[in-house]
Amino acid sequence: MSAETMLAFLDQCSLESRLGFFVASHCAPVLKGIKISNIMTAERGTWKRLVRSLKGSNILCVLLSAQGGREVLLLYRYEKLREHLMKEQVRKFLESQGYDDIRVPAVITRLRKQYAEYVRNRQGFPHELGVILEYPVEDVKGFIENRGKNCLLEKYWKVYHNREKAEKIFAWYDEARELAMEEIMAGYRLNQIAVS
């Protein structure tokens, strides 16, 4: 899709469609059911509008932080996240980060506290966010060990292991993004394009 097409749409669309387009461009993989969760930054007041727009879908939206005029939002699929948290490698990583309860509500609550602390002090980034966003545990560990440098590939996350697999996943995410944006431009609402 061309930049001109997108700009023309955004210039004439409703506020609801503009929100849908923005969310589709940042969180399409979770909307399309190929990813457990996504994070996005938006202008203040987006969280409440987004919760309403996702009503009737299987996607939940949590406010991680509200600083100044910006909100950091986590969109996720509860059941898929619950299953993901039960994986041994994920569970062990979260336990190494101080998570003693890996049920979804407890993990989200702790992540919100950790993220709020990071935003306040600008130190101690909660790297467990990467695992919650379904980045491979070995890439999250690689990011920590390399302090964000020396990656093999960088797009949706920094890849430190299995470049080929990551490239395939990135292609799926790109396809989902294109499809979701086209659906919003065709007049569908967010809760209509979200796959059950």
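Quick summary incoming for the structure in this document. The shown structure was predicted, so the numbers you read here are calculated from the model rather than taken from an experiment. (Residues numbered from 1 in each chain as written. Predicted model: local features only at pLDDT ≥ 70, side-chain atom pairs only at ≥ 80, totals over all residues. Heavy atoms only, no water.)

Observations regarding the pattern of salt bridges
- Applying the stated criterion across every chain yields a total of 8 salt bridges.
- Taking the shortest distance from any N to any O, the salt bridge between E79 and R82 comes out at 2.9 Å. Taken together, the positions of E79 and R82, both in helix α4 (residues 78-85) and 3 residues apart, correspond to about one turn of that helix.
- The salt bridge partner of R91 is E95, with a shortest N-O separation of 3.4 Å. (Salt bridge = Lys/Arg side-chain N within 4 Å of Asp/Glu carboxyl O. Helix = DSSP H or I, 4+ residues; strand = E, 2+ residues; numbered from the N terminus.)

Looking at the layout of surface pockets
- A volume near 380 Å³ is recorded for the largest pocket.
- Lining the largest pocket are 20 residues, and of these E134, Y135, P136, K165 and I169 lie nearest its centre.
- Mapped onto the lining of the largest pocket, the elements with two or more residues apiece are α5 (88-96), α8 (137-146) and α9 (163-185).
- The element that contributes the greatest number of residues to the lining of the largest pocket is α9, accounting for 5 residues. (1 Å grid on protein atoms, 1.4 Å probe; cavity = no way out; pocket = protein on both sides within 12 Å on 5 of 7 lines; lining within 4 Å. Points joined across faces, edges and corners; volume = space filled by probe spheres on them.)

Quick word on α5
- Within α5, the full set of buried residues consists of V90, F93 and L94. Buried residues of α5, viewed axially, fall in a sector of 95°; they line one side.
- Contacts from the buried residues of α5 go to α4, α7 (128-132) and α8.
- Directly beyond the C-terminal end of α5, a positive phi value near 95° is found at G98. (Buried < 20%, exposed > 50% of the residue type's maximum accessible area, 1.4 Å probe, protein only. Arc of directions from axis to C-beta. Contact = heavy atoms within 4.5 Å.)

Quick word on the state of the cysteines
- Applying the stated criterion across every chain yields a total of 0 disulfides.
- No disulfide involves C61; its nearest neighbouring cysteine sulfur is the one of C27, lying 8.2 Å away.
- By relative accessible area, which is 12% here, C61 ends up buried. (Disulfide = S-S within 2.5 Å.)

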